[in-house]
Amino acid sequence: MNKLIRSFGFAFKGLGYAFKTQQNFRIHCFAAILACAFGYFLHITTDEWQWVMLCIMLMMVAELLNTAIEALVDLVSPDYNELAGRVKDVGAAAALVVAIFSLATGIIIFVPKLLLLVNAA
Ligand SMILES: Nc1ncnc2c1ncn2[C@@H]1O[C@H](COP(=O)(O)OP(=O)(O)OP(=O)(O)O)[C@@H](O)[C@H]1O
C-alpha cells in the first residue's frame, strides 16, 4: 500500500515539475479549463464531453511525454548533437499533432453553438 502511495507521489511530482517548468503545459491547462467552461455554458452533449475530455487527456499526455523526452535528451546529450535535436523535434511534433486535432475538435463542437448564440442575439 505504501508503495502505491509513493508511486502516486512520484507521479504528482512529475506533474508539478511539468507545470512549473513548461509554459506549454500551463497553456494547455488553461485551455482545458476554458474548454470545460464553454462546454458547461453551451450545454454540450455527453458525446461531445467525451471528445473534449479525450482532447484534454491526449494534449496533457503528449506534453508530459515531450517534457520527459526533453529531459532525457538533455541528460544524455547536453552538447549539440544533430540526432538529439531530431529526437526533440519529433517529440514536439507529436504534441503539435495532438494540438491540431484538439483545435479541430473544438471548432467542430463549439463554433456551431457559438454561431447559434450570436444569431439568436
Ligand atoms: N542537444 C541538442 N542538440 C541539437 N539540437 C538541439 C539540442 N537541444 C535542443 N536542440 C534543438 O533546439 C530545439 C529546442 O530545444 P529546447 O530544449 O529548447 O526545446 P523546447 O521545446 O524549446 O523546450 P522547453 O519546452 O523546455 O522550452 C529542439 O527542438 C532542437 O531542434
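Residues numbered from 1 in each chain as written. Predicted model: local features only at pLDDT ≥ 70, side-chain atom pairs only at ≥ 80, totals over all residues. Heavy atoms only, no water.

Got a sec to walk through the packing of aromatic side chains? Specific residues and values, please.
In this structure the tally under the stated criterion is four aromatic pairs. Ring geometry for Phe19 against Phe25: centres 6.5 Å apart, planes inclined by 90°, an arrangement best described as edge-to-face. By relative accessible area, Phe25 is classed as buried at 2%. For the pair Phe38 and Phe110, a centre-to-centre distance of 5.9 Å together with 50° between the ring planes defines the contact as tilted. Here Phe38, found in helix α2 (residues 23-41), pairs with Phe110, found in helix α4 (residues 82-120); they are 72 residues apart in sequence, far enough to count as distant. Under the relative-accessibility criterion, Phe110 is labelled buried at 11%. (Phe/Tyr/Trp six-rings, centres within 6.5 Å; stacked < 30°, edge-to-face > 60°. Buried < 20%, exposed > 50% of the residue type's maximum accessible area, 1.4 Å probe, protein only. Helix = DSSP H or I, 4+ residues; strand = E, 2+ residues; numbered from the N terminus.)

Give me the lowdown on the UniProt feature "binding site: a divalent metal cation" (unreviewed entry) in the protein, citing residues and values where you can.
The residues that UniProt annotates with the feature "binding site: a divalent metal cation" (unreviewed entry) are Glu70. By secondary structure assignment, the location of Glu70 is in helix α3 (residues 46-76). If we skip the residues at most four places from it in the chain, Glu70 touches Gln22 and Lys88. (UniProt positions renumbered as here; feature names shortened; annotations may be inferred. Contact = heavy atoms within 4.5 Å.)

So what about unusual backbone geometry? Which residues, and what values?
You will see that His43, though not glycine, has its phi angle at about 50°, which is positive. With respect to the helices, strands and loops of the structure, His43 is situated in the loop between α2 and α3.

Before we move on, could you go through the environment of Ala31 and cite the residues and values that matter?
Looking at where Ala31 falls in the secondary structure, it is placed in helix α2. When the C-alpha atoms of Ala31 and Ile56 are compared, they prove to be 8.5 Å apart, with 25 residues separating the residues in sequence.

Let's hear about α2: which residues, and what values?
One turn of an α-helix holds 3.6 residues; hence residues three or four places apart share an orientation. The end-to-end C-alpha distance of α2, which contains 19 residues, comes to 27 Å, matching closely the 27 Å that a straight helix rising 1.5 Å per residue would cover. Tucked into the core, α2 has its buried residues touching α1 (2-21), α3 and α4. A positive phi of about 50° marks His43, the residue just after α2. (Expected span 1.5 Å × (residues − 1).)

Can you break down the packing of α2 against α3 residue by residue, with the values?
Orientation of α2 relative to α3, taken along the N-to-C sense of each, is 175°, at an axis distance of 10 Å. Between α2 and α3, the angle is such that the two are roughly antiparallel. Where α2 abuts α3, its residues Asn24, Phe25, His28, Cys29, Ala32, Ala35, Cys36, Gly39 and Tyr40 lie against Trp49, Val52, Met53, Ile56, Met59, Met60, Glu63 and Leu64. Class assignment for the residues of the contact of α2 with α3 results in 13 nonpolar, three polar and one charged. (Axes fitted to C-alpha atoms, helices over the stretch in contact; angles between N-to-C directions. Parallel < 35°, antiparallel > 145°, perpendicular 65-115°, else oblique. Nonpolar A, V, L, I, M, F, W, Y, C, P; charged D, E, K, R; others polar.)

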